[in-house]
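Single-letter residue listing:
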Amino acid sequence: MSDAPSPSAPDTDRSNDGDEHPVRDGADRDADNGDDRDDERSIGLSIVGYALRLAVAAVLIVGRLLWTGVRIGSRLLTDTASRREWRRWLLLEGDRRAIVGAFVVGVFALALLLGVSDVIGVRESRFVTTMFSTMIAGLFSFIPIVVSVNQLIISRLFGTPDRLTERIDGVQEFRSRVETQTEGDGVSPTDPAAFLARLAGTLGSRADELATVCGDDATDRSDEGFLGDGRPGEGATPTAALESICRFAANTREHARDLSAQLTGETESVFDVVLPTINHDYAGAANEARRLGRRFDENLSDRSAALLAELRELFVTADATRQYFTTIYLQRELARLSRLITYSGTAAILLSSLVIMIYASGYPPVAFEGWLLVLVSLALAVAFSPLAVLFAYVVRVSAILKRTSAPGAFTPSGEYHRTNEVDVDDPHATGTDADGDRSARSSETEGEDGDETESDGEGN
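Observations concerning the overall build of the protein
Part 1 of the argument: Scanning the protein from N- to C-terminus turns up 15 helices and 0 strands.
Part 2 of the argument: Considering only residue pairs separated by 6 or more positions, the protein has 76% of its internal contacts joining residues 24 or more positions apart.
Part 3 of the argument: A total of about 27400 Å² of accessible surface is found on the protein, and carbon and sulfur atoms cover 59% of it.

Points about the packing of aromatic side chains
Part 1 of the argument: The final tally for this structure, using the stated rule, is 7 aromatic pairs.
Part 2 of the argument: Both rings, one in phenylalanine 174 and one in phenylalanine 195, keep their centres 6.4 Å apart while their planes meet at 40°; by these two values the pair is tilted. Placement of the pair is phenylalanine 174 in helix α6 (residues 161-181) and phenylalanine 195 in helix α7 (residues 192-225), with a sequence separation of 21 residues. In this pair, the class of phenylalanine 174 matches that of phenylalanine 195, namely buried.

A word on the nonpolar core
Part 1 of the argument: Residues Leu210, Leu308 and Phe315 are the most contacted members of the largest nonpolar core, which totals 47 residues.
Part 2 of the argument: At 10 residues, the largest contribution of residues to this core is made by α7.
Part 3 of the argument: Each residue touching phenylalanine 315, except ones within four places of it in the same chain, is listed here: Leu203, Phe248, Thr252, His280, Tyr282, Ala285 and Ala286.
Part 4 of the argument: Grouped together as the second largest cluster of nonpolar side chains are 34 residues, Val128, Leu380, Val382 and Ala383 included.

Some thoughts on the packing of helix α3 (residues 96-116) against helix α12 (residues 369-383)
The angle between the axes and the distance between the axes are what describe a pair of packed helices.
Part 1 of the argument: α12 packs onto α3 with a crossing angle of 145° between their chain directions and a minimal axis gap of 8 Å. Of the two elements, α3 crosses α12, and the hand of that crossing is right-handed. Listed contacts from α12 to Val104, Val107, Phe108, Ala111, Leu112, Gly115 and Val116 of α3 are Leu373, Val374, Ser377, Leu378, Leu380 and Ala381.
Part 2 of the argument: By residue class, the composition of the contact of α3 with α12 is 11 nonpolar, 2 polar and no charged.

Thoughts on the pattern of salt bridges
Part 1 of the argument: Scanning the model with the defined rule gives 12 salt bridges in all.
Part 2 of the argument: Note that aspartate 95 is salt-bridged to arginine 97, the shortest N-O span being 3.3 Å.
Part 3 of the argument: Overall, the relative accessible area of 64% leaves arginine 97 in the exposed class.
Part 4 of the argument: Arginine 336 is the salt-bridge partner of glutamate 333, the closest N and O atoms lying 2.7 Å from each other. Here glutamate 333 pairs with arginine 336, and both are found in helix α11 (residues 302-358), just 3 residues apart, close to one helical turn.
Part 5 of the argument: By relative accessible area, arginine 336 is classed as partly exposed at 30%.
Part 6 of the argument: Connected through shared salt-bridge partners, Glu183, Arg206 and Glu310 make up one network.

Points about a nonpolar patch on the surface
Part 1 of the argument: Taken together, the side chains of Trp86, Trp89, Leu90 and Phe391 make up a nonpolar region of the molecular surface, amounting to roughly 400 Å² of accessible area.
Part 2 of the argument: Tallying contributions element by element places helix α2 (residues 80-93) first for the nonpolar patch, with 3 residues.
Part 3 of the argument: Looking at the secondary structure, you find tryptophan 86 in helix α2.
Part 4 of the argument: Accessibility expressed as a relative area gives 54% for tryptophan 86, which makes it exposed.

Topic: helix α13 (residues 385-403)
Part 1 of the argument: Helix length check: α13 (19 residues) gives 28 Å between terminal C-alpha atoms against 27 Å at 1.5 Å per residue, within 8%.
Part 2 of the argument: Counting buried positions along α13 yields 14 of 19 residues, so the element is predominantly enclosed.

Quick look at the packing of helix α5 (residues 142-157) against α11
Part 1 of the argument: In contact at an axis separation of 9 Å, α5 and α11 are set at 150° when each is read in the N-to-C sense. Comparing their axes, α11 and α5 come out roughly antiparallel. For the element pair α5 and α11, the recorded crossing hand is left-handed. Here Phe142, Val146, Val149, Asn150, Leu152, Ile153, Arg156 and Leu157 of α5 lie close against α11, whose contacting residues are Thr327, Gln331, Leu334, Ala335, Ser338, Ile341 and Thr342.

Some points on the environment of valine 274
Part 1 of the argument: Here valine 274 is to be found in helix α9 (residues 271-274).
Part 2 of the argument: On a C-alpha basis, the gap between valine 274 and arginine 322 in space is 6.4 Å, while along the polypeptide they are 48 residues apart.
Part 3 of the argument: Those residues in contact with valine 274 that lie beyond four places of it in its chain are Phe325, Thr326 and Tyr329.

The rules behind each value
- Residues numbered from 1 in each chain as written.
- Predicted model: local features only at pLDDT ≥ 70, side-chain atom pairs only at ≥ 80, totals over all residues.
- Heavy atoms only, no water.
- Helix = DSSP H or I, 4+ residues; strand = E, 2+ residues; numbered from the N terminus.
- Contact = heavy atoms within 4.5 Å.
- Areas by Shrake-Rupley, 256 points an atom, 1.4 Å probe, with all protein chains shown as cover.
- Phe/Tyr/Trp six-rings, centres within 6.5 Å; stacked < 30°, edge-to-face > 60°.
- Buried < 20%, exposed > 50% of the residue type's maximum accessible area, 1.4 Å probe, protein only.
- Core = buried A, V, L, I, M, F, W, Y, C linked by side-chain atoms within 4.5 Å.
- Axes fitted to C-alpha atoms, helices over the stretch in contact; angles between N-to-C directions.
- Left-handed = near helix turned anticlockwise from the far one by under 90°.
- Nonpolar A, V, L, I, M, F, W, Y, C, P; charged D, E, K, R; others polar.
- Salt bridge = Lys/Arg side-chain N within 4 Å of Asp/Glu carboxyl O.
- Patch = residues over 30% accessible without salt bridge, like charges linked within 9 Å, V, L, I, M, F, W, Y side chains within 5 Å.
- Expected span 1.5 Å × (residues − 1).
- Parallel < 35°, antiparallel > 145°, perpendicular 65-115°, else oblique.

Dropping the structure here:
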């Protein structure tokens, strides 16, 4: 009886065996959960690391771009040729519409960027309404500018019949005088580009003839002007006279060719006719022709003296023609300026009033704040558009007036006189050489750009 197996033993074993599996399964689940958490943690760390690497790469790229932009900007600012080119584009050659558009787009982009970065906000209705109310009050100050410009234009157009007839007769007399001085048959053209091209063609042909006569005189001098021992013979033309006159003729010929080349194409406005002429000192060139003729009067041939006199008269005529075309250009430019200020000012006042009405009862309920930010930025850019128009057109008008404000026999100091006078005693002392007008034109470009700083300094 005692050796018989106990009936409870198998049950105990079974119960123990049955309990082993649940304990083992729970441990496995805990291990699996731990592995999942480790996997999630590693994935999160990898995402954070990837995001940090992207941020560092973005910072490096932005830093390099900024550094490159700073280097390019500093190089452009320190490079004299690039600075002059940009200044000339801004003051003269650049399209005024492009400058106005760049100004307005820059204001819009800056306002939008500051709004997105929460530097300025559109939730403060009092700030927005105050800002645009001030804009509207400032825009009304442009009305006297427009009225003054229109009065200036009207004063040039109106007059009594006698005065208007006298003005027309003066223009006709000037055209008749140009027709007698220039080459060509028939009546001179009324198109400004064709009229000035005819004058430039005659100027170039007279300069060519003068250079040819100087060459012939030089040949005669070398063949007949010297005696056997190398001493100049009687009636020989001095070397200084020939070199000075030849350089003057070469410079004049080069300028006439450049001017004719720029006038042969299509000219859309009077400004395209005025622009090629503003860098040449016609008054100084006329005075130089007179000075050469007076100084070497006894040594020049009759034809050389006559050609110098003709060139002097042609330079005076070119100076008067440039000044007359400049007057026409300024009248049209000021009329365009007043019209554009009126258009842009009206649009700015209307859009600013719309923004004020939207914010009149507080912050407007909108589903997407971005659209409101775009509207405020756009209204701010349009509000600055009259100022952009005034800036773009006034800087060019002032630049043209500065370069053409001295017609006649006198040239203000520091403008162009250094490039036109020739030192006949020392031909190499001047900036003008025998290669033509290239060095003279570069000197004139340096003078015109440098004079901006000089005149600004004098004004201050």
